[in-house]
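What follows is each chain in one-letter form.
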Amino acid sequence: METIFHDAVHVLLALGLPPLLLGLIAKTKALFAGRVGPSVLQPYYDLIKLVQKGSVFSTTTTWVFRAGPVVALVTAGIAVLLIPLADATAPLSFTGDFVLLAYLLGLGRFFTASAALDTGSPFEGMGAAREVTFACLAEPAFFLGMLVLAKLSGSLQLADMLGSSLASHWSADGESLVLVLLSWFIILLAENSRIPFDDPNTHLELTMIHEVMVLDHSGPAYGMILYGAALKLFVFGALVVRLAFPMTGGSPWLDWPIFVGGMLVVAVAIGVVESIMARLRLTHVPILLVAACLLSGFGIILLVR
Amino acid sequence: MNQLLDPLLIVALALNFVTLGVSRIRGVINAVALQGILLGILPLFVHQDLGFRVILLVGVTIGLKGFVIPRFLVHALREATIQEEVKPLVNFMGSLLLGAVGTGLGIVFSYTLPLAEQHTNSLVVPASLSTVWAGFLMLTTRKRAIMQVLGYLLLENGIFMFGLLLLEATPFLVEIGILLDLFTGVFVMGIIIHHINREFGSTSTEHLTELKG
């Protein structure tokens with residue numbers, strides 16, 4: 001009974017919360033800039049509006065272009081089910097599920113990039129090339145961080161790696177975990193095309209990464225992309241929150257609000273980073289990603305020394 | 001040793017990589033200053049009894065490394081109208097990877113050192129070796145004279161970390177003397193940068209090979 005309750009909350013939260021995070025980031029940025037900004041619920045209105053619109057598909061595109069948004073949304077949706085949230089369990093959980101998590105996101109990225117290439121637009125191809133190049137560097141950092149957690153927990157299951165046992169490791173091997181936390185926050189920013197890597201608001205094709213890949217999508221397809229991106233943000237946010245606050249109080253009435261609070265803090269943190277930093281020059285992006293890999297790598301070295 | 005010491009040293013280690021990876025001189029100065037402040041705080045965690053001596057040392061170190069020297073360097077930067085770019089001989093990615101290799105070797109090497117019982121598991125020695133290495137890298141692979149001053153500061157930060165092990169044995173006068181040396185060193189270097197700039201119209205050390213006796 002309790003598992004059903006937890007799984008139900010998990011699914012509801014994972015489906016309902018992500019757009020709010022986007023709204024909160026936008027609100028934080030607006031406040032920093034001295035504006036009132038759109039309501040935090042704006043992304044929900046956007047999604048509703050997009051779903052009601054019609055779609056335009058270029059005649060040069062094939063089924064790959066239509067499959068792109070669907071696959072991106074579905075893979076992100078499954079990924080959300082793999083992440084342990086407040087109760088430290090996930091609806092889908094088995095040994096080695098973190099590999100599936102990484103490659104689900106990889107599959108989504110592959111189809112988004114393929115859809116971008118399918119349009120034949122040179123700009124979109126450029127964006128796709130950038131996206132996969134940076135993903136190449138972000139993935140090792142993600143896996144090295146997972147390696148630290150696997151070493152600490154002695155398990156290859158996300159529910160154990162990010163489970164309540166993590167709280168006891170914070171006092172003993174806090175340094176490694178701090179390094180992984182930093183590294184994962186950088187990965188969160190990179191994977192979700194946030195500011196030091198990519199500006200989600202920009203409309204200059206030469207500098208865009210993620211946005212340039214989805215220029216040709218419209219209506220419900222674009223809505224799916226937006227929602228899929230929000231889910232991806234939720235996945236990475238949840239990883240960071242579980243790593244930072246691994247405690248479980250025992251009572252679901254306490255755990256879930258703490259988790260949601262953590263997610264909101266992460267969203268505000270992203271908003272603050274976006275407000276106080278400028279976009280990095282494109283050639284400097286790999287440096288930051290390599291630095292993220294190094295951070296996770298040192299986490300391992302500190303652990304096994 | 002205190003529980004907080006290792007996390008602080010990790011931050012200091014991370015700052016080494018910031019200094020090697022950041023492309024703006026102002027950013028490097030800020031990172032070195034922050035590292036100086038962190039190092040200034042460290043003796044508070046190493047010392048068991050906080051006497052007047054430790055408090056004074058902490059105050060002087062933070063003031064000098066965190067505020068006076070960085071302010072002075074920013075001033076020199078503005079006076080000599082040096083461009084903000086770092087211009088490395090080895091590119092940023094290469095420097096970062098070299099720094100990582102050096103840090104890894106530092107960690108390995110620190111095991112072979114016959115350290116006192118209470119220091120064997122702490123990060124002081126690896127962090128210090130890695131900072132010294134980052135300082136050497138910066139001294140050798142950056143063209144601008146001001147980056148060499150920063151490399152020297154990093155080097156000194158590394159030595160300061162190593163000195164934490166001996167803090168109880170070093171007389172107060174020696175510690176203050178080292179800080180004074182550092183300050184004078186940076187002061188003189190600042191003046192030299194100014195002169196190089198006035199004489200050659202640039203502070204790139206590449207031109208120094210053209211000097212004739």
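The sections below set out a description of the structure shown in this document. Values in this document were obtained by computation on a predicted structure and should not be read as measured data. (Residues numbered from 1 in each chain as written. Chains lettered and ligands numbered in written order. Predicted model: local features only at pLDDT ≥ 70, side-chain atom pairs only at ≥ 80, totals over all residues.)

**Comments concerning the overall build of chain A**
(1) Moving on: Within chain A, the secondary structure is distributed over 13 helices and zero strands.
(2) Moving on: The order of α-helices and β-strands along chain A, N terminus first, is α-α-α-α-α-α-α-α-α-α-α-α-α.
(3) Moving on: Taking the principal axes of its C-alpha atoms as reference, chain A extends roughly 55 × 45 × 45 Å.
(4) Moving on: Counting all 305 residues of chain A, 47% fall into the buried class.
(5) Moving on: The long-range share in chain A, meaning contacts at least 24 apart out of those at least 6 apart in sequence, stands at 78%. (Helix = DSSP H or I, 4+ residues; strand = E, 2+ residues; numbered from the N terminus. Buried ≥ 20, exposed ≤ 12 C-beta atoms within 10 Å, placed from the backbone. Contact = placed C-beta atoms within 7 Å.)

**Some points on the overall build of chain B**
(1) Moving on: In terms of regular secondary structure, chain B is built from seven helices and zero strands.
(2) Moving on: Walking chain B from its N terminus toward its C terminus, one meets helices and strands in the order α-α-α-α-α-α-α.
(3) Moving on: Compactness check: chain B gives a C-alpha radius of gyration of 18 Å against a globular reference of 17 Å for 213 residues, within 12% of the reference.
(4) Moving on: Along the first, second and third principal axes, the C-alpha set of chain B runs to 55 × 35 × 30 Å.
(5) Moving on: With 213 residues in all, chain B has 38% of them scored as buried.
(6) Moving on: Put simply, 74% of the contacts in chain B that link residues at least 6 apart link residues at least 24 apart. (Rg over C-alpha atoms; globule rule 2.2 N^0.38 Å.)

**So, unusual backbone geometry**
(1) Moving on: In this structure, Ser193 of chain A is a non-glycine residue whose phi angle is positive, near 55°.
(2) Moving on: With respect to the secondary-structure elements, Ser193 of chain A resides in the loop between helix 9 (174-191) and helix 10 (210-213).

**Looking at the nonpolar core**
(1) Moving on: Membership of the largest hydrophobic core comes to 141 residues, with the highest contact counts inside it found for Leu21, Ile187, Phe234 and Val235 of chain A together with Ile146 and Leu150 of chain B.
(2) Moving on: The biggest single contributor to this core is helix 11 (residues 219-244) of chain A, with 18 residues. (Core = buried A, V, L, I, M, F, W, Y, C linked by C-beta atoms within 7 Å.)

**Quick notes on the interface of chain B and chain A**
(1) Moving on: Taken together, the twelve residues of chain B in the interface contact twelve residues of chain A.
(2) Moving on: Elements represented by at least two residues in the side of chain B that touches chain A include exactly helix 1 (5-21) and helix 4 (92-112) of chain B.
(3) Moving on: In terms of residue count, helix 4 of chain B provides more of the side of chain B that touches chain A than any other element does, six residues in total.
(4) Moving on: Each residue belonging to the side of chain B that touches chain A can be placed in one class, and the counts come to eight nonpolar, three polar and one charged. (Nonpolar A, V, L, I, M, F, W, Y, C, P; charged D, E, K, R; others polar.)

**Observations regarding the environment of Ser130 of chain B**
All names here are of chain B.
(1) Moving on: Relative to the assigned elements, Ser130 resides in helix 5 (residues 124-141).
(2) Moving on: Taking the C-beta count within 10 Å as the criterion, Ser130 has 28 such neighbours and is therefore assigned buried.
(3) Moving on: Ser130 sits 69 residues away from Thr61 along the chain, and the two C-alpha atoms are 21 Å apart.
(4) Moving on: When sequence neighbours within four positions are dropped, the list of residues in contact with Ser130 reads Leu13, Asn16, Gly102, Thr103 and Gly106.

**Things to note about the packing of helix 3 (residues 42-52) of chain A against helix 11 of chain A**
Helix packing geometry: the angle between the two helix axes and the distance between the axes.
Residue and element names in this part refer to chain A.
(1) Moving on: Relative to each other, helix 3 and helix 11 sit at 150°, their axes nearing to 7 Å. Viewed along their axes, helix 3 and helix 11 adopt a mutual orientation that is roughly antiparallel. Where helix 3 crosses over helix 11, the handedness of that crossing is left-handed. In contact with Pro43, Asp46, Leu47, Leu50 and Val51 of helix 3, helix 11 contributes Gly219, Pro220, Tyr222, Gly223, Leu226, Tyr227 and Ala230.
(2) Moving on: Across the contact of helix 3 with helix 11, the residue classes break down as nine nonpolar, two polar and one charged. (Axes fitted to C-alpha atoms, helices over the stretch in contact; angles between N-to-C directions. Parallel < 35°, antiparallel > 145°, perpendicular 65-115°, else oblique. Left-handed = near helix turned anticlockwise from the far one by under 90°.)

**Brief notes about the packing of helix 2 (residues 18-32) of chain A against helix 12 (residues 252-276) of chain A**
All names here are of chain A.
(1) Moving on: It is at 8 Å that the axes of helix 2 and helix 12 come closest, and there the two elements cross at 40°. Classified by the angle between their axes, helix 2 and helix 12 sit oblique to one another. For helix 2 against helix 12, the interelement crossing comes out right-handed. Packed against helix 2, whose contacting residues are Leu21, Leu24, Ile25, Thr28, Lys29 and Phe32, the element helix 12 presents Met263, Leu264, Ala267, Val268, Ile270, Gly271, Val272, Glu274 and Ser275 at the interface.
(2) Moving on: Taken together, the residues that form the contact of helix 2 with helix 12 break down as ten nonpolar, three polar and two charged.

**Regarding helix 7 (residues 172-200) of chain B**
Residues and elements named next belong to chain B.
(1) Moving on: Here helix 7 contains 29 residues, and its C-alpha end-to-end distance of 42 Å stays within 8% of the 42 Å for a straight helix at 1.5 Å per residue.
(2) Moving on: Glu175, Leu182, Val186, Met189, Gly190 and Ile193 are the residues of helix 7 that are buried.
(3) Moving on: In this fold, the buried residues of helix 7 make contact with helix 3 (52-79) and helix 6 (145-163).
(4) Moving on: Looking at the residues trailing helix 7, positive phi occurs at Gly201, about 75°. (Expected span 1.5 Å × (residues − 1).)

Read these as geometric descriptors, not functional statements.
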